[in-house]
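Here are the chains, one letter per residue:
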Amino acid sequence: MEKRRFYVTTPIYYVNDLPHIGHVYTTVIADVIARYKRLMGFDVYFLTGTDEHGQKVEKAAEADGIKPIELADKVVENYLNLWPGLSISNNDFIRTTQPRHEKGAAYLFKQLLDQGDIYLDHYKGMYCVSCEAFLTQTQAKGGKCPDCGKPLEEVEEESYFFRLSKYEKKLLAYYEAHPELIQPEHRRNEVVSFVKGGLKDLSVSRTSFKWGIPVPENEKHIIYVWLDALSNYLTALGYPEDTELYRNFWPADLHLIGKDILRFHAVYWPAFLMAAGLPLPKTIFAHGWWLKDKAKMSKSVGNVVRPQYLVEDFGADALRYFLVREMVFGQDSSFSDEAFVGRFNSDLVNDLGNLVSRTLGMIDRYCEGKIPEPDVDDDRYRKMESRIKECAVNWESHFDTYQLHKAMEEVWSLLSDLNKFIVGQEPWVLAKDESKRKELDTILYVLAEAARLVALVISPVMPVKSQEIWNRLGFDAKVENCVVSMMRFGSLKPGSVLKDSKEHLFARVDAKAYLTGEQTEPGKNKVEKTKKQSKVEEKSEAGMDNLITIDDFMKVQLRVAKILEAEKVEKSKKLIKMKVSLGEEERQIVAGIALQYQPEDLVGRQIIVVANLQPAKLMGIESQGMLLAASGEDGAPFLLSADEGSKPGFRIK
Ligand code: MSP
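These numbers come from a predicted model, not from an experiment. (Residues numbered from 1 in each chain as written. Predicted model: local features only at pLDDT ≥ 70, side-chain atom pairs only at ≥ 80, totals over all residues. Heavy atoms only, no water.)

(A) The arrangement of the overall build of the protein in detail. Each helix and strand counted, the protein has 22 helices and 26 strands in total. Taken over the C-alpha trace, the protein has a radius of gyration of 28 Å; the compact-globule value for 653 residues is 26 Å, and the two agree within 12%. Seen through its C-alpha atoms, the protein measures out along the principal axes to roughly 90 × 75 × 45 Å. Residues counted as buried form 53% of the 653 residues belonging to the protein. Contacts in the protein between residues at least 24 apart in sequence constitute 74% of all its contacts with a sequence separation of at least 6. Surface summary for the protein: the accessible area is close to 29,300 Å², and the carbon and sulfur share equals 51%. (Helix = DSSP H or I, 4+ residues; strand = E, 2+ residues; numbered from the N terminus. Rg over C-alpha atoms; globule rule 2.2 N^0.38 Å. Buried < 20%, exposed > 50% of the residue type's maximum accessible area, 1.4 Å probe, protein only. Contact = heavy atoms within 4.5 Å. Areas by Shrake-Rupley, 256 points an atom, 1.4 Å probe, with all protein chains shown as cover.)

In structure tokens:
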């Protein structure tokens, strides 16, 4: 029998910015669904990538004084390096600057042009560079983008147009016939009423900048970045060639996107595909936005949550679990350090970690580390078997309807029952009475079997920890190669030997210390970091790497910054938190200079900062850069500043 197939995509990310938890979220969700489908026996193709063309990227590169492709090459590394550390199992990573993509996107444009669905005219109107979107007069009222709030640009230029208006009725008919196309339902309703409001033809080329794919046969124009970007879902499969990948996986089963890019995916993209005579994706699912402490994340406010510190401190699985569990899929959700640490300690350390360590610990103690033989007729065996079956059925149906948070709720409700089962059955009491041996064996078998099944059902979300549980139970196999048939209760073989029962799955974090910044990590990382650090120092002292090339130096982005606000960090003697301007953007910087400088003396000073340093947390406050200071013998800092005439944002080289 031919394998069922599943093609899932994430949006491709702009390369003008570093990834934050919003970007990580879509990719994690896509990975969780991909892993779930593989477990269910599907042949999965999982695509992610980067959107590298357009005015926004061109401008960002200009501000850095580099070419757009240099910026893209640099930023793409952040994504490529981030995904493996988050256990992202994508099959392909597409960059829109790759020839395979440029060729396919140009082909699609040419086809639509040749058949008269694209025509040349003149565009006059407003454009939002941040969203790369043309706006109607009503949308542009007030001169600010209704979506991102940034100021709009007036555009007047010759432009190619796509006959979007021609597809208005066809789209409405398609939405009607395929209610599953746009999910969740309230998003579908939004799209339907937008289209019912009337569709105007869409400008699909630009002439006022250069960074994009040239329009075939009229290179003065470049293809509108959204037409370019959307076609990645096809070009990654080899389109327009008739490749095996394309035949196997198009149309996509699931485009996962954030709610802000719904119109592009649910209106423009289906219309382009209809025009090209290609089948439409089966589902476009728009999730909500992550806020930080209930406020919109923004670089200028300085509240952007970067994933690295969470991964370093808690591990990728914990971040993945939090993202899946905390957000009602489809709605907005707020990230806070308190909620994160809270879930970590209660759900992972207590509920999951305790079940595993208590179960394995007792088997170690009472059964010499071997899985005992259960009495399958014991009522408790039967009851737990049916409880677990019920959990598996609900888990599957939640996954199939993309209610991932509910699937996890289901598992955690089982974990709670299992922990209560331990307390209720008191195996430690049974162990004292030889006549209760069979009962003890049955209880411990049930618990071990439950731990095995829990490892399987959490494996799409927590691939690392589920593998760890799997290994401790004595299995060498990779959890990711498991199939759903292994979910049958009672498959665990009595007599098989546990590998390791001692270590806790998760180390508890002292929430108070973590949140006040006294303890930044649960412990282990600190040691590793210190080791790495001392290696670098040894090398330098030996004089082996004293010289660097100009390219090495240029990797460090030094910029002039103006201090706009400064205040002491509460409960810290040394730290000052500042808001600084880098010209086009504002950042929050935290520095240990409070013993030498008063906040009020700092405001207005022009200092030098390292602008491309990974953000770090000091006393729980994110610092998005580092200021430069000379260091005296006692370590006291002397701030560096730039001469008069220099402006915030100027690059230092
Ligand atoms: N390049 C386009 C997508 C083209 S797809 C053919 C783009 N890129 S983006 O980098 O700006 O955003 C990528 C995704 O990140 C979008 O789905 C967006 O919704 C998501 N997020 C950005 N900020 C977010 C949050 N704060 N929370 C959740 N997701 C958010 O748009």
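Here the narrative resumes.
(B) Representation of the pairing of strand β2 (residues 43-51) within the structure. With 8 of its 9 residues buried, β2 lies for the most part within the structure. Inspection of the sheet shows strand β1 (residues 5-14) paired to β2 by 8 bridges, in the parallel sense. Note that in β2 the partner of Tyr14 across the bridge is Asp51. Handedness of the β-α-β unit built from β1, helix α1 (residues 21-39) and β2 comes out right-handed. Pairing of β2 with strand β3 (residues 92-95) involves 4 bridges; the strand directions are parallel. Directly across from Thr48, in β3, lies its bridge partner Phe93. (Pairing = 2+ DSSP bridges. Right-handed = clockwise from strand over helix to strand, strands pointing away.)

(C) Just the sheet that holds strand β11 (residues 218-223), in detail. In space, the 3 strands of this open sheet follow the order β9-β11-β10, with antiparallel pairing throughout. Each end of this open sheet is capped by a strand with a single partner; those strands are β9 (205-206) and β10 (214-215). The pairing of β9 with β11 spans 2 bridges and is antiparallel. By the bridge assignment, Arg206 is partnered in β11 with Ile222.

(D) Structural detail: the packing of helix α5 (residues 168-177) against helix α6 (residues 185-196). In contact at an axis separation of 10 Å, α5 and α6 are set at 155 degrees when each is read in the N-to-C sense. On the basis of the axis angle, α5 is roughly antiparallel to α6. Remark: the crossing between α5 and α6 carries left-handed chirality. Between α5 and α6, the residues in contact are Glu168, Leu172, Tyr175 and Glu176 and Arg188, Val191, Val192, Val195 and Lys196, respectively. Here the contact of α5 with α6 is built from residues that sort into 5 nonpolar, no polar and 4 charged. (Axes fitted to C-alpha atoms, helices over the stretch in contact; angles between N-to-C directions. Parallel < 35°, antiparallel > 145°, perpendicular 65-115°, else oblique. Left-handed = near helix turned anticlockwise from the far one by under 90°. Nonpolar A, V, L, I, M, F, W, Y, C, P; charged D, E, K, R; others polar.)

(E) Geometry of the sheet that holds strand β6 (residues 153-162). Taken together, 4 strands build an open sheet; the order of strands is β5-β4-β6-β8 and the sheet is antiparallel. In this open sheet, the two edge strands, each paired with only one partner strand, are β5 (133-135) and β8 (202-203). Here β6 pairs with β8 via 2 bridges, running antiparallel. Across the sheet, the residue bridging to Phe162 is Leu202, located in β8. Taken strand by strand, helix α10 (residues 262-276) contacts β5, β6 and β8, and its axis lies near 30 degrees from that of β6.

(F) Representation of the pairing of β11 within the structure. In this structure, β10 lies alongside β11, joined through 2 bridges in antiparallel fashion. Its bridge partner being in β11, Pro214 is matched across the sheet by Ile222.

(G) Broad picture of the nonpolar core. Among the nonpolar cores identified, the biggest contains 113 residues, and Leu352, Trp395, Met408 and Trp412 are the most heavily contacted of them. It is helix α17 (residues 437-458) that provides the largest number of residues to this core, a total of 14 residues. Among all residues touching Trp412, those that are not within four sequence positions of it are Tyr321, Arg325, Asp347, Leu348, Asp351, Leu352, Ile458 and Met462. (Core = buried A, V, L, I, M, F, W, Y, C linked by side-chain atoms within 4.5 Å.)

(H) The arrangement of the site of the ligand in detail. The environment of the ligand is made up of 23 residues, and the closest members are Ile12, Asp51, Gly258, Asp260 and Trp290. One of the side-chain nitrogen or oxygen atoms of Asp51 is found 2.7 Å away from a nitrogen atom of the ligand. Here an oxygen atom of the ligand and a backbone polar atom of Gly258 are 2.9 Å apart. Relative to its unbound accessible surface of 660 Å², the ligand loses 94% to contact with the protein. Elements with a minimum of two residues in the shell around the ligand: β1, α1, α7 (225-230), α8 (232-235) and β12 (254-258). Looking at which element gives the most residues to the shell around the ligand, the answer is β1, with 4 residues. In terms of residue class, the shell around the ligand is built from 13 nonpolar, 8 polar and 2 charged. (Near = heavy atom within 4 Å. Polar contact = N/O pair within 3.5 Å; in protein donor to acceptor, adjacent residues only side chain to side chain.)

(I) Summary view of the state of the cysteines. In total, this model carries 0 disulfides according to the counting rule given. Counting only cysteine sulfurs, Cys128 is the nearest neighbor of Cys145, a cysteine outside any disulfide, at a range of 3.7 Å. Look at Cys145 and you get buried, because its relative accessible area is 4%. Summary of cysteine pairing: Cys391 is not part of a disulfide, and the nearest cysteine sulfur, belonging to Cys482, is at 17 Å. Residue classification places Cys391 among the buried residues on the basis of a relative accessible area of 2%. (Disulfide = S-S within 2.5 Å.)

(J) View of helix α11 (residues 307-314). All of the buried residues along α11 are Pro307, Tyr309, Leu310, Asp313 and Phe314. For α11, the angular spread of the buried residues around the axis is 165 degrees, confining them to a single face. Note on α11: the residue one or two positions beyond its end, Gly315, has a positive phi of about 90 degrees. (Arc of directions from axis to C-beta.)

(K) Region of interest: the confidence of the model for the protein. Confidence in the prediction for the protein averages 90 pLDDT; 94% of positions are at 70 or higher. Every residue in residues 520-546 is under pLDDT 50, and counting partners more than four places away or in other chains gives 15 contacts. (pLDDT = per-residue confidence, 0-100.)

(L) Representation of the domain arrangement of the protein. Domain parsing of the protein yields domain 1 (336-506) and domain 2 (550-652). The distance between the C-alpha centroids of domain 1 and domain 2 comes to 50 Å. (Domains from an automatic or database assignment.)

(M) Molecular detail of the pattern of salt bridges. Considering all chains together, one arrives at 41 salt bridges under this definition. The closest approach of N and O atoms between Asp378 and Arg380, which form a salt bridge, is 3.0 Å. By relative accessible area, which is 11% here, Asp378 ends up buried. Here Lys465 ties to Glu468 by a salt bridge, and the two come within 3.3 Å at their closest N and O atoms. Of the two residues, Lys465 and Glu468 are both situated in helix α18 (residues 463-472); the distance of 3 residues between them amounts to about one turn of the helix. Using a relative accessible area of 15% as the deciding quantity, one classes Lys465 as buried. The class of Glu468 is partly exposed, set by a relative accessible area of 25%. Among the charged side chains, a network of salt bridges with common partners joins Asp31, Arg35, Arg320 and Glu480. (Salt bridge = Lys/Arg side-chain N within 4 Å of Asp/Glu carboxyl O.)

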